[in-house]
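Reading the structure
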Amino acid sequence: MNKFFAAMLSILFLIVAAVPAMATDTRQISLGYVGNYIEDDYNIFTWYATLPSYTNTVWLGLEYELYYYETEDFGPSGSYSYMGASYGLGKEAKYGTLAMFYYNYGAPLNTFGGEAFTETPNTKWSVLYAYPMDKISLGFYFNRADRSQKNEDEDGTVYEHAVGYTTLGAGIRFDLGEKAYADLALDYNMGSYKDDNYSYSAYGEVTEDANTMLGIRGRMFYEWNETITLVPYVSYRFFDFSYKADSAEAWKDEYWGVKGSNITLGIGANVKVNEDNLLIFAVEPYDYYKYEPSDPAAGVDIEYTYTYLPTMYLALESDVKDWLTFRAGAQKYFYKTKQDYTEDEDESKYTYTDSGYNFTMGLGFHIGDFDIDAYINNNLPFRLGYWLTGYQEYYNEYDAPVYQLTALYHF
């Protein structure tokens, strides 16, 4: 019970906390995470068939990160980075567009709780390909992250640990007449795992059991009039993650895994105020998460739900000068969590209702063939003088003047 409670509390923190996110586009963050309701280059990782719109482009990303240590000597340790490029195959990309991205960090397959598939093995391959036709564009995505280690003692005992994640994605973009077009996409994720005498020696060999996740999503851009474009959006995801061990019953008493689903419904509006200003409104009236143990011990029944009713977004993108763009985004959400727990004759119910708010800002710089976006600290206007000397103290990630930088080079 304690492990599952801790896992679910970590889910609550991950969903609600407003912290810089790994490998997320700077412009989308600065606009309050409205990526599903706008056209953006980083959407190629969600809507794979949009890749032809960004042919012959180089991406460079740099994100501030801070590691904490058990000693008092903690401080900024470096940054996370990535680099990628897309290239049109053949004259005028006749044979499609190919893109490859290079980075080290591999995101965990499971970000929902429990312990299965939460490791972060290094990414080996991240490849996209899209082929545009007259009124349809097809896109595909492949990502692989893994690592393994194997040791053998003098007495012949073998210690082995291996983990791997594979993501396969496909998408389509198609016209719906003169005023509308739509995106559909899906991703299928698989995990592999083996631990023999390395971490869980008390249970014998531990391997993957339930190890898949599937996501399906769709959106449409409808030009309602010359000023407003409406963007309805729907997403559904389900997953099941768990391990199994030689000592099956002993393992099940401690490690239950996690399974669940999420459905999101939303609609946004891109409002073109004028040539220099864009407003984005969006509301997600229903966003529902459900979690439960994948394979609990006998007599144990837990159900955890998290419901947004609703989440609202407001964002502004304004071209202040030809070379400078200002961005700001706000997010307001109302949510309720519920947990029902039963173990033999013990029962408990927990309900929590609250609301939350996020605010983000960013700047865009347009210099030659480069577009450079910065996700900036909300406190920056009050501490601008420190740009010259650096911040005096680094107690947490909020001390950095800039959280993330992304640059696009067009050729």
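The structure under discussion appears in the preceding block.
The model shown is predicted, which means the values in this text are computed figures rather than measured ones.

Procedures and definitions
- Residues numbered from 1 in each chain as written.
- Predicted model: local features only at pLDDT ≥ 70, side-chain atom pairs only at ≥ 80, totals over all residues.
- Heavy atoms only, no water.
- Pairing = 2+ DSSP bridges.
- Helix = DSSP H or I, 4+ residues; strand = E, 2+ residues; numbered from the N terminus.
- Core = buried A, V, L, I, M, F, W, Y, C linked by side-chain atoms within 4.5 Å.
- Buried < 20%, exposed > 50% of the residue type's maximum accessible area, 1.4 Å probe, protein only.
- Phe/Tyr/Trp six-rings, centres within 6.5 Å; stacked < 30°, edge-to-face > 60°.
- Lys NZ or Arg CZ within 6 Å of the ring centre and 35° of its normal.

1. Topic: the pairing of strand β7 (residues 180–196)
Sheet topology places strand β6 (residues 158–175) next to β7; 16 bridges connect them, and they run antiparallel. Residue Asp175 lies in a different strand from β7, and its bridge partner there is Tyr181. As defined by bridge partners, β7 adjoins strand β8 (residues 206–223) across 13 bridges and the pair is classed as antiparallel. Bridging from a neighbouring strand, Tyr188 pairs with Leu214 of β8.

2. Regarding the nonpolar core
Residues Ile44, Phe45, Trp59, Phe101, Leu128 and Ile280 are the most contacted members of the largest nonpolar core, which totals 29 residues. With three residues, strand β11 (residues 277–292) is the largest single contributor of residues to this core. Counting residues in hydrophobic clusters, the runner-up holds 25 residues, among them Val163, Tyr203, Tyr243 and Tyr255.

3. So, the packing of aromatic side chains
Scanning the entire structure with this criterion turns up 38 aromatic pairs. Taken together, a centroid distance of 6.0 Å and an interplanar angle of 85° make the contact between Tyr203 and Tyr255 edge-to-face. Of the two residues, Tyr203 is situated in the loop between β7 and β8 and Tyr255 in the loop between α3 (248–254) and β10 (258–274); the sequence distance between them amounts to 52 residues. Relative to Tyr291, the ring of Tyr289 lies with its centre 6.3 Å away and its plane at 15°, an arrangement referred to as stacked. Across the pair, exposure class does not vary: Tyr289 and Tyr291 are buried alike. Between Arg217 and the ring centre of Trp47, over which it is positioned, the NZ or CZ distance is 6.0 Å. A cation sits over an aromatic face here: Lys332 above Phe334, 5.7 Å from the ring centre.

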